[in-house]
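Chain by chain, the residues:
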Amino acid sequence: MTTPPQPPFTYSLHNVTISVSDLDASIEWWNRVFGLTLLAKSRFDAIGADVAFLEGPGFRLELLQPANGVRIPELTAEPPAHIRPIGNKALVFRVEDLDSVTRTFRDLGVTTVWEQMDLGDGSISTAIRDNDGNLINVFQQGASPVG
């Protein structure tokens, strides 16, 4: 395998963005389920949306509530149909103890797509939906070559 050419600039991931229907409800959901902390909340006039930045362990999540948001059912289809529309599919987190995390989701009443599914490489996964139906995959590492 050859090393790909490097771009003539440096970069890092700043944040991941999700559009939501109710900014305050989403802030509460992400705080309650994942313990994310609200960093800032404001109005983004250039795109006509309210925005909130939340922080988790090693990442930031930007929530956008557009004034005229629309729901596209194909984007929140049940797996495996969810992969058919081209675009983002899921936010994925890795954990050390998926059994404990899955129990926590159950205790919190989080919408579950599947629980502790064997991914075929020794990894296991629990998939949930946020309060707007966006897919979140939480997995415990197995033998996957990319961990």
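Before going into details, it helps to say that this report is about the structure given with it. Every value quoted in this text rests on a predicted model; they were computed, and no experiment measured them. (Residues numbered from 1 in each chain as written. Predicted model: local features only at pLDDT ≥ 70, side-chain atom pairs only at ≥ 80, totals over all residues. Heavy atoms only, no water.)

### Quick look at the overall build of the chain
Okay, step 1: Helix and strand counts for the chain stand at two helices and eight strands.
Okay, step 2: Sequence-ordered secondary structure for the chain, helices as α and strands as β, is β-α-β-β-β-β-α-β-β-β.
Okay, step 3: Projected onto its principal axes, the C-alpha coordinates of the chain cover approximately 50 × 45 × 30 Å.
Okay, step 4: Scored against the burial criterion, the 147 residues of the chain give a buried share of 33%.
Okay, step 5: Surface accessibility of the chain: about 9,500 Å² in total, with carbon and sulfur atoms responsible for 54%. (Helix = DSSP H or I, 4+ residues; strand = E, 2+ residues; numbered from the N terminus. Buried < 20%, exposed > 50% of the residue type's maximum accessible area, 1.4 Å probe, protein only. Areas by Shrake-Rupley, 256 points an atom, 1.4 Å probe, with all protein chains shown as cover.)

### Some points on the sheet that holds strand β6 (residues 111-118)
Okay, step 1: Overall, mixed pairing links the four strands, which are arranged β5-β8-β7-β6 in an open sheet. Each of the sheet's edge strands pairs with one partner strand only, and the pair in question is β5 (91-95) and β6. Along the sheet, successive strands turn relative to each other by an average axial angle of 15 degrees, direction set aside.
Okay, step 2: In this structure, β6 lies alongside strand β7 (residues 124-129), joined through five bridges in antiparallel fashion. (Pairing = 2+ DSSP bridges. Axes fitted to C-alpha atoms, helices over the stretch in contact; angles between N-to-C directions.)

### Focus on the side chain of Ser26
Okay, step 1: Relative to the elements of secondary structure, Ser26 occurs in helix α1 (residues 23-34).
Okay, step 2: In this view, Ser26 contacts Val20, Leu63, Asn131 and Asp132; residues no more than four positions away in its chain are not counted. (Contact = heavy atoms within 4.5 Å.)

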